[in-house]
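In case you want the letters, here they are:
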Amino acid sequence: MTSIYTIEKGLPIEDGNVKEKAGVIGYSLLELAALNIPVTPGFIIDISDILDQPKETIQNLLQEGISKLEQSTGRKLADSSSPLLLDAALSPSMIMEKTPSISYIGLNSQIVSSLHASVQQDSVYFSFLNLLESYSKVCLGKEVEKTASTDPKSECEKLSEALGDQFPLNPFNQLESAVMAMAKEYHADPMNKDIPA
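The written sequence of each chain sets the order in which its residues are numbered from 1. Reporting in this predicted model follows two pLDDT cut-offs: at least 70 for local features of residues, and 80 or more for side-chain atom pairs to be given and counted; totals over whole chains, interfaces and linings ignore these cut-offs and use all residues. Working from all heavy atoms in the structure, the side-chain values ignore hydrogens and water.

Draft legend 1. Up close: the packing of helix α2 (residues 55–73) against helix α6 (residues 171–188). Only C-alpha atoms enter the line fits that serve as axes; for helices the fit covers just the stretch in contact. Angles between N-to-C directions range over 0 to 180 degrees. Only DSSP runs of H or I reaching four residues or more are called helices, and only runs of E reaching two or more are called strands; each is numbered from the N terminus. Relative to each other, α2 and α6 sit at 115 degrees, their axes nearing to 11 Å. In this structure, α2 crosses over α6, and the sense of that crossing is right-handed. Residue-level inspection shows Lys55, Ile58, Gln59, Leu62, Gln63 and Ile66 of α2 in contact with α6, the latter providing Phe172, Leu175, Glu176, Val179 and Met180. Residue composition of the contact of α2 with α6, grouped by class: seven nonpolar, two polar and two charged. Here is the rule for handedness: rotate from the far helix to the near one, and if that takes an anticlockwise turn smaller than a right angle the crossing is left-handed, while a clockwise turn gives right-handed. By definition, residues are in contact when any of their heavy atoms lie within 4.5 Å. Classification convention: Asp, Glu, Lys, Arg as charged; Ala, Val, Leu, Ile, Met, Phe, Trp, Tyr, Cys, Pro as nonpolar; all other residues, Gly among them, as polar.

Draft legend 2. Expanded view of the state of the cysteines. Criterion for a disulfide: a pair of cysteine sulfur atoms within 2.5 Å. Summed over the entire model, instances satisfying the criterion amount to zero disulfides. Here cysteine 139 stays unpaired: no disulfide links it, and the sulfur of cysteine 156, its closest cysteine neighbor, is 17 Å away. For cysteine 156, a relative accessible area of 3% gives the class buried. Whether a residue is buried, partly exposed or exposed follows from its accessible area with a 1.4 Å probe, protein chains only, as a fraction of its type maximum: under 20%, in between, or over 50%, in that order.

Draft legend 3. Examining a nonpolar patch on the surface more closely. Taken together, the side chains of Val24, Ile25, Leu29, Leu32, Leu35, Ile37 and Ile95 make up a nonpolar region of the molecular surface, amounting to roughly 620 Å² of accessible area. By the element assignment, leucine 35 lies in the loop between α1 (18–34) and β2 (42–45). Take leucine 35: its relative accessible area is 61%, and that puts it in the exposed class. Patch membership needs two things, relative accessible area over 30% and no salt bridge, and members are linked within 9 Å if like-charged or within 5 Å if nonpolar (Val, Leu, Ile, Met, Phe, Trp, Tyr). Here the Shrake-Rupley method, with its probe set to 1.4 Å, supplies the accessible areas, and only the displayed protein chains count as covering residues. For this analysis, a salt bridge means a side-chain nitrogen from Lys or Arg found within 4 Å of a carboxyl oxygen belonging to Asp or Glu.

Draft legend 4. Highlighting the pattern of salt bridges. On inspection of all chains with the given rule, the structure shows three salt bridges. The salt bridge involving lysine 68 is made with glutamate 64; its shortest N-O contact spans 3.6 Å. On the criterion of helical spacing, the pair formed by lysine 68 and glutamate 64 is a turn pair, its members being four residues apart in helix α2. On the basis of relative accessible area, glutamate 64 is assigned to the partly exposed category, the value being 35%. Here glutamate 155 and lysine 158 are joined by a salt bridge, their closest N and O atoms 3.8 Å apart.

Draft legend 5. Spotlight on the side chain of asparagine 108. By secondary structure assignment, the location of asparagine 108 is in the loop between β4 (101–105) and α3 (109–119). Apart from the residues lying within four places of it in its own chain, the contact partners of asparagine 108 are Phe128, Leu169, Pro171 and Gln174.

Draft legend 6. Representation of helix α5 (residues 152–163) in the model. Here the expected length of a helix is defined as 1.5 Å per residue gap, with one fewer gap than residues. Taking 1.5 Å per residue, 12 residues should reach 16 Å; α5 reaches 16 Å between its end C-alpha atoms and fits that length. All of the buried residues in α5 are Pro152, Ser154, Glu155, Cys156, Leu159 and Leu163. Close packing links the buried residues of α5 with α4 (123–140). Backbone geometry just after α5 places glycine 164 at a positive phi near 55 degrees.

Draft legend 7. Structural view of empty space enclosed by the protein. Buried and open spaces are told apart on a 1 Å grid over the protein atoms alone, a cavity being a set of points where a 1.4 Å probe fits but cannot get out and a pocket being an open set with protein on both sides within 12 Å along at least five of seven lines. Residues with an atom within 4 Å of a point are the lining residues. Grid points are joined across faces, edges and corners, and a volume is the space filled by probe spheres set on the points. Summed over all chains, the structure comprises one cavity of 30 Å³ or more. Approximately 40 Å³ is the volume attributed to the largest cavity. Forming the walls of the largest cavity are Thr6, Ile7, Glu8, Pro41, Gly42, Phe43, Gly65, Lys68, Leu69 and Ser72. Of all elements in the fold, only β1 (4–7), β2 and α2 reach the threshold of two or more residues within the lining of the largest cavity.

Rendered as structure tokens:
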């Protein structure tokens, strides 16, 4: 059964199997949090059998993790004024040279426009561009050719148009797609057969 673990300051580690299920990076974050060392809040999902779980079960797990993050951060997923932004990363139970990750999950064109109007910083568009590029690579298997453009807004618009409906505007759907894509890629590699993540 797929498990979920919350990364929260002061929260003790009670599951004896968590080290294997949470992976090297995930367990390190859980340990630091349990020792009251400040770490970015988050949650870890064991993907050992996630591909065998009903869609509703996975969605419920994700919603559970998101709800706890919203409570601890005061931010809301899909909120245009103070959005909760997420990173999704694979954490195998052994150190690997490269693992997929996607940052800034939670952004879409509407949220980015609202944030930019508020902060007047192009970094908002650079973050959205990062999301679009990494989502395309990890979830769609399409490497985006990077350009030396100094107009990130224009690049975001071009890439958004190119991806079309393949990039979900709903932040929850972005996260769900990212988790499932990483799980499928990981389990498709026979080298990972006996390595939990």
